[in-house]
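Notes for the structure review
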Amino acid sequence: MKPDLFQSPDYYLLDDLLSEEHKLVRDAARAWVKKEVSPIIEDYAQRAEFPKQIVKGLGEIGGFGPYIPVEYGGAGLDQISYGLIMQEIERGDSGVRSTSSVQSSLVMYPIWKYGNEEQRMKYLPKLATGEWIGCFGLTEPDHGSNPGGMTSNFKDMGDHYLLNGAKMWISNAPFADIAVVWAKNEEGRIHGLIVERGMEGFTTPETHNKWSLRASATGELIFDNVKVPKENLLPNKSGLGAPLGCLDSARYGIAWGAIGAAMDCYDTALRYSQERIQFDKPIGATQLQQKKLAEMITEITKAQLLTWRLGVLRNEGRATTAQISMAKRNNVDMALTIARDARQMLGGMGITGEYSIMRHMMNLESVVTYEGTHDIHLLITGMDITGFPAFK
């Protein structure tokens, strides 16, 4: 097993913009990834298996709802701390970060923001430690970029709701204890429901044969006349804006996480360029390889500045959905480009599991699509600056 020699690039001395707490949180997450994730992740990715033994550690480093208030089991941290944790986890693996950010932004966030006090106290403390794992049901077989067209629905049966429908591409689904599910009531209004494992008619078949996010568990959510207690309805927000508000938080985390994947690819390529000898000199001494590395560190630095500023705006409650979309789209695209260039720099070695690059590249092919595709985020920016929606 190769040691994790990762050194984080900070070309513009951006650590100066971070508080001591930010750096402590980040460094703790980084040390945990080096010890618990890096030594095992290639093997789990090759086997297409999620390493469940890391769940407790994710909770301990604040990987589950770090911004959730302390009274509900969270760490009470700010948005920049949340971003830095996502960056470090995705430096290890995008699939592990998916588990973390789904739990944080798509399960804990809606219960915290849209739930009542009883729901917060029942679910959030156990989710914060990882005792319970959650998932988020929005995407359907026929409704991805158009979630408002969902057909999942529930009916008021007097003393309970009756839920029917299906969701797919759901991270954590195969082993989740609860699911925050979005469905339409009899008037066609979208609401969130907390569905618990063990409810009759609720099944979570696993999705197999993935070339991406192989160390993450993905599945479907099937609801066949599931009786959901009325107290499991999230009461404080409804409509499509409710799940989209969760996605804002998750996309913000992705914008930071993608930087972690890019950093790892850059650091690997830089070290390799200094050690790999061809034509009697290191390949890092050639113009073409220096061009690649210079472009990588430039794009990483730009992404770091983008997410830091976005984190400040999030802390101030001023970040817009469109600003978050810009960061998600830019940073994932940046990370994909760096992964591809880094893979070329390593030649044939770049496709092997001895290095992390090809795994990052495959993972990022999912990240560029989920929670808003590359092109949909482009159209969100376009609508924001022109005032014209062009989604159809």
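Not measured: the values here are computed from a predicted model.

A few words on the layout of surface pockets. Approximately 1100 Å³ is the volume found for the largest pocket. If you go around the largest pocket, you meet 41 residues; those closest to its centre are Thr139, Gly144, Tyr370, Glu371 and Gly372. It is helix 4 (residues 94-114) that provides the largest number of residues to the lining of the largest pocket, a total of five residues. Grouping the constituent residues of the lining of the largest pocket by class yields 19 nonpolar, 14 polar and eight charged. Quantified by volume, the second largest pocket comes out at close to 540 Å³. In terms of lining residues, the second largest pocket is bounded by 24 residues, among which Lys2, Pro3, Asp4, Glu354 and Tyr355 are the most central.

Another aspect to go through is the side chain of Thr99. Inspection of the secondary structure puts Thr99 in helix 4. The contact partners of Thr99, leaving out residues within four places of it in the chain, are Phe50, Phe64, Asn172 and Ser216.

Turning our eyes to something else, we now look at a nonpolar patch on the surface. Among the surface-exposed residues, Tyr11, Tyr12, Leu17 and Leu305 lie close enough to one another that they form a single nonpolar patch of about 450 Å² accessible area. Among the structural elements, Leu305 can be located in helix 7 (residues 287-315). By relative accessible area, which is 34% here, Leu305 ends up partly exposed.

What follows is about the environment of Ala173. For Ala173, the location among the structural elements is in the loop between strand 3 (160-171) and strand 4 (178-184). The class of Ala173 is buried, set by a relative accessible area of 0%. Between the C-alpha atom of Ala173 and that of Gln53, which follows or precedes it by 120 residues, the distance is 17 Å. Once residues lying within four places of it in the same chain are set aside, the contact partners of Ala173 are Cys135, Arg197, Thr204, Ala217, Gly219, Glu220 and Leu221.

Another point: the UniProt feature "domain: Acyl-CoA dehydrogenase/oxidase C-terminal" (unreviewed entry) in the protein chain. UniProt feature "domain: Acyl-CoA dehydrogenase/oxidase C-terminal" (unreviewed entry): in the numbering of this structure it lies at residues 238-383. Counted over residues 238-383, helix gives 75% and strand 3%. Its end C-alpha atoms are 24 Å apart.

So, on to helix 1 (residues 20-47). In this model, helix 1 (28 residues) spans 39 Å end to end at C-alpha, consistent with the 40 Å of a helix rising 1.5 Å per residue. A maximum bend of about 50° is found in helix 1 at Ile41.

Moving on, we get to the pairing of strand 5 (residues 190-196). In terms of burial, strand 5 is largely enclosed, as six of its seven residues are buried. Examined bridge by bridge, strand 4 and strand 5 share seven bridges and lie antiparallel to one another. In the sheet register, Ala183 faces strand 5, and the bridge partner there is His191. Here strand 4 folds back onto strand 5, and the loop between the two strands holds five residues, one of which, Gly188, carries a positive phi near 85°.

A few words now on the packing of aromatic side chains. One pass over the full model with this rule turns up 14 aromatic pairs. Between Phe202 and Phe223 the ring centres are 5.5 Å apart and the planes differ by 10°, which places this aromatic pair in the stacked class. Separated by 21 residues along the polypeptide, Phe202 in strand 6 (residues 202-203) and Phe223 in strand 7 (residues 218-229) bring together distant segments of the chain. Judged by its relative accessible area of 10%, Phe202 falls in the buried class.

Bringing the state of the cysteines into the picture now. Within this structure, the stated rule accounts for zero disulfides. Free of any disulfide, Cys246 has its nearest neighbouring cysteine sulfur in Cys135, separated by 13 Å. Accessibility expressed as a relative area gives 0% for Cys246, which makes it buried.

What UniProt calls "domain: Acyl-CoA oxidase/dehydrogenase middle" (unreviewed entry) maps, in this numbering, to residues 135-226. As a span, residues 135-226 carries 0% helix and 48% strand, and end to end its C-alpha atoms are 17 Å apart.

Rules used in this analysis
Counting restarts for each chain, with residues numbered from 1 along the sequence as it is written. Only residues with pLDDT of at least 70 are given local features in this predicted model, and only at 80 or more are side-chain atom pairs given and counted; all residues enter the totals for whole chains, interfaces and linings. Hydrogen atoms and water are omitted, and side-chain values are computed over all heavy atoms in the structure. Points on a 1 Å grid, built from protein atoms alone, make a cavity when a 1.4 Å probe fits but cannot get out and make a pocket when they are open with protein on both sides within 12 Å along at least 5 of 7 lines; residues with an atom within 4 Å of a point are the lining residues. Grid points are joined across faces, edges and corners, and a volume is the space filled by probe spheres set on the points. Put simply, DSSP marks the helices as runs of H or I at least four residues long and the strands as runs of E at least two long, and each gets a number from the N terminus on. Note on residue categories: nonpolar means Ala, Val, Leu, Ile, Met, Phe, Trp, Tyr, Cys or Pro, charged means Asp, Glu, Lys or Arg, and polar means any other residue, Gly included. Any pair of residues with heavy atoms lying within 4.5 Å of one another is described as a contacting pair. Each patch is built from residues lacking any salt bridge and having more than 30% relative accessible area; the joining distance is 9 Å for like charges and 5 Å for nonpolar side chains (Val, Leu, Ile, Met, Phe, Trp, Tyr). Surface accessibility in these figures is a Shrake-Rupley result with a 1.4 Å probe; residues are shielded only by whichever protein chains are displayed. For this analysis, a salt bridge means a side-chain nitrogen from Lys or Arg found within 4 Å of a carboxyl oxygen belonging to Asp or Glu. Burial classification: accessible surface area is computed with a 1.4 Å probe over protein chains only, and a residue below 20% of its type maximum counts as buried, one above 50% as exposed, and the rest as partly exposed. UniProt positions are given in the numbering used here, feature names are shortened, and annotations may be inferred rather than shown by experiment. One less than the residue count of a helix, multiplied by 1.5 Å, gives the span that helix is expected to have. Note on bend: the value at a residue is the angle between axes fitted to the seven residues ending there and to the seven starting there. Strand pairing is assigned whenever DSSP identifies at least 2 bridges connecting the two strands. Each aromatic pair joins two rings of Phe, Tyr and Trp (for Trp, the six-membered one) with centres within 6.5 Å, and gets the label stacked for planes under 30 degrees apart, edge-to-face for over 60, and tilted for any other angle. Any cysteine sulfur atom paired with another within 2.5 Å is treated as part of a disulfide.

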